[in-house]
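Next come the chains, spelled out residue by residue.
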Amino acid sequence: MSSKLCIGGIVEPGSTVINKTGSWRTFKPIYQKEKCIKCGICELSCPENCIIKTEDGYYEIDYDYCKGCGICSNECPRETIEMVLEEK
Amino acid sequence: MSKLTVVEGSYAVAHAAKVCRPDVIPAYPITPQTHIVEELSKFAANGEIGACEYITVESEFSAISALIGACAAGARTYSATTSQGLALMHEVLFNASGMRLPLVMTVANRAMSAPLSIWNDHQDSIAQRDTGWIQLYAEDPQEAADMTPQVYKICEDNKIMLPAMACFDGFILTHVYEPVVLLEQDLTDEFLPPFAPEHILDPSNPKTFGAFADPGVYSEFRYMQELGMSAALKKIETVADEFNEIYGRYYGGLIDGYYLDDAEIVLVAMGSVIGTIKDVLDELRAEGKKVGLLKIRSFRPFPTDAIRNAVKNAAIIVPLDKSISIGKYEGALCTEIKASLYNTKIDIPVLGYMFGHGGRDIPPERIKKIVSEAEKAIVNGITIESSYVDLREELL
Ligand code: SF4
Ligand code: SF4
């Protein structure tokens, strides 16, 4: 996709949605629902807002934008999120 | 005939900024300063600049940052700076030009420390050459005042949208008292339309300015800035003409000439030394010497074509610089003039001189000495391409 550039690098809001930053990831967080106590610490700590609450109160990870920083895994009190080297 | 008033150069410029109706003036008068923002603070406090917001910020870095925010929000902005203050702004200067914000700043040209100096030369603004700002240089307080509405009109053009520095010599011009015509409000309103940018920061229509550019698009943004500068080449000329029509004063467009048409020796200079050179040329012409002056008014955009055209019949070109690139031992005009002549059929020797650094006086005798050196070089060729003409060997 190529659209004309606007002077000054001026862009409308929401432009970062196009850029799927999940491709930057080296380690992938793997969420293990059976260990999770639904405390929500991971959701609060993710700098990318990639930990999304599901209807049953558990969580899933949005891999389109998760950069694999590992903060969720580090903060989880129950070692529920495991960081696994991602083969691409 | 407009009324002449004896005022300080800084006052003339402050008054000119006032009649341009700025909406926001952030200022931090770092030492060494001029009275420009001081006078404007008085105007603002007295309610003489309408609803203008005068912000006393905590550094020159903040001053330029506030200028950026205000300008992005659609305000016409103004500030003045000099030497160390301009250097402190360096990083943000790139943001202003990259975000295509037509900020206007008067630069009172002064030497850079160390060694500590508060006097005039052009090192401060020349060091900011590649930041993407338009740079015009005035030769006297009247031109500096008149340049103020001119630069607004140039940089606010929607094909240009680049920030501009209106430069005039610190101390020599900022602190001199001279008769000037203070710019009339009604004429300025006729000359300068209100600022109406296409893009502004507005919470009800949010936009990001200066967003991330990956390697796939970065050069294109730089190229678009270059297109803005090319558009300015033409606009600087037309704005000078429009100014002349309304106010009846003209100082040249991109360049100006004095005895230039048939000159064999062409001196090239910017700023207050132009006045001294003109006086010397009157004398030398009376003696029959074919010497002329090329005044550079626009240093960025650099008027390459206009210069080639102006000097093509000369026997020697002599750029006179109040700046130095240490490690090249020449000033910016010398380097740029030489670069402009390469890859052309023009094959004229260029003999560069630096002088007046750190505020050293440039008496008429020094200009005469330069002209006589140039006469010798026409006959014998150039031995030293660039040097200080006023170096005090006895101190070394
Ligand atoms: S690895 Fe980082 S970005 Fe990805 S979900 Fe965890 S905290 Fe968010
Ligand atoms: S921090 Fe761990 S236990 Fe708490 S909700 Fe997140 S995954 Fe579950």
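Note: the structure precedes this text.
Right, let's walk through the structure included here. Small disclaimer: the values here were computed from a predicted structure and weren't measured. (Residues numbered from 1 in each chain as written. Chains lettered and ligands numbered in written order. Predicted model: local features only at pLDDT ≥ 70, side-chain atom pairs only at ≥ 80, totals over all residues. Heavy atoms only, no water.)

1. So, the interface of chain A and chain B
How big an interface is tends to be stated in terms of the accessible area lost upon association of its parts.
1) Next: Chain A puts nine residues into the contact, and the matching count from chain B is 16 residues.
2) Next: When chain A packs against chain B, the two sides together hide about 1,100 Å² of surface, and 71% of this comes from carbon and sulfur.
3) Next: Considering only the side of chain A, the residues that lose the most area to chain B are A:Leu5, A:Ile7 and A:Ile10, jointly responsible for 46% of the buried surface there.
4) Next: Linking chain A to chain B there are zero salt bridges.
5) Next: The interface formed by chain A and chain B contains four residue pairs in polar contact (both at pLDDT 80 or more).
6) Next: A breakdown of the residues in the side of chain A that touches chain B according to their chemical character gives six nonpolar, two polar and one charged. (Contact = heavy atoms within 4.5 Å. Buried area = accessible area lost by both parts, 1.4 Å probe. Salt bridge = Lys/Arg side-chain N within 4 Å of Asp/Glu carboxyl O. Polar contact = N/O pair within 3.5 Å; in protein donor to acceptor, adjacent residues only side chain to side chain. Nonpolar A, V, L, I, M, F, W, Y, C, P; charged D, E, K, R; others polar.)

2. Examining the pattern of salt bridges
Residues and elements named next belong to chain B.
1) Next: In this structure the tally under the stated criterion is 28 salt bridges over all chains.
2) Next: Among the salt bridges present, the one from Glu336 reaches Arg300, with a minimum N-O distance of 2.9 Å. Here Glu336, found in helix H12 (residues 332-341), pairs with Arg300, found in strand S12 (residues 298-300); they are 36 residues apart in sequence, far enough to count as distant.
3) Next: Among the residues examined, Arg300 registers a relative accessible area of 16% and is labelled buried. (Helix = DSSP H or I, 4+ residues; strand = E, 2+ residues; numbered from the N terminus. Buried < 20%, exposed > 50% of the residue type's maximum accessible area, 1.4 Å probe, protein only.)

3. Structural notes on the sheet that holds strand S5 (residues 104-109) of chain B
Residue and element names in this part refer to chain B.
1) Next: Strand order in the open sheet formed by five strands is S4-S5-S7-S6-S12, with mixed pairing between adjacent strands. The strands lining the two open edges of the sheet, one partner per strand, are strand S4 (78-81) and S12. Adjacent strand axes in the sheet meet at a mean angle of 25°, parallel and antiparallel pairs treated alike.
2) Next: Note: S4 against S5, four bridges, orientation parallel. When the bridges of S5 are listed, Ala80 appears paired with Thr106. (Pairing = 2+ DSSP bridges. Axes fitted to C-alpha atoms, helices over the stretch in contact; angles between N-to-C directions.)

4. Points about a nonpolar patch on the surface
1) Next: Residues B:Ile118, B:Trp119, B:Phe171 and B:Ile172 make up a contiguous nonpolar surface patch of about 340 Å² in total accessible area.
2) Next: Tracing the chain through its elements places B:Phe171 in the loop between strand S7 (164-169) and strand S8 (177-181). (Patch = residues over 30% accessible without salt bridge, like charges linked within 9 Å, V, L, I, M, F, W, Y side chains within 5 Å. Areas by Shrake-Rupley, 256 points an atom, 1.4 Å probe, with all protein chains shown as cover.)

5. Considerations on the nonpolar core
Side chains of nonpolar character tend, in soluble globular proteins, to be buried together.
Residues and elements named next belong to chain B.
1) Next: The biggest cluster of nonpolar side chains holds 94 residues, and the ones touching the most others in it are Leu40, Ile64, Tyr78, Leu103, Ile134, Leu294 and Ile317.
2) Next: Sorting elements by how many residues they give to this core places helix H7 (residues 141-155) first, with seven residues.
3) Next: Among residues more than four places away in sequence, those in contact with Ile317 are Val266, Val268, Val311, Ile337, Leu341, Ile348, Pro349, Val350 and Leu351.
4) Next: In this structure, Ile265, Ala269, Val318 and Leu351 belong to the second largest nonpolar core, which totals 24 residues. (Core = buried A, V, L, I, M, F, W, Y, C linked by side-chain atoms within 4.5 Å.)

6. A closer look at the side chain of B:Thr174
Residues and elements named next belong to chain B.
1) Next: Within the secondary structure, Thr174 sits in the loop between S7 and S8.
2) Next: Take Thr174: its relative accessible area is 0%, and that puts it in the buried class.
3) Next: A distance of 2.6 Å separates a polar atom in the side chain of Thr174 from a polar atom in the side chain of His175.

7. A few points about the packing of H7(B) against helix H9 (residues 218-247) of chain B
Residue and element names in this part refer to chain B.
1) Next: Look at H7 against H9: their axes get within 9 Å of each other, and the N-to-C directions meet at 135°. Here H9 runs oblique to H7, going by the angle between their axes. Crossing of H7 over H9 shows right-handed handedness. Along its contact with H7, which presents Asp146, Pro149, Gln150, Lys153 and Ile154, the element H9 presents Ala232, Lys235, Ile236, Val239, Ala240, Glu242, Phe243 and Tyr247.
2) Next: By residue class, the composition of the contact of H7 with H9 is eight nonpolar, one polar and four charged. (Parallel < 35°, antiparallel > 145°, perpendicular 65-115°, else oblique. Left-handed = near helix turned anticlockwise from the far one by under 90°.)

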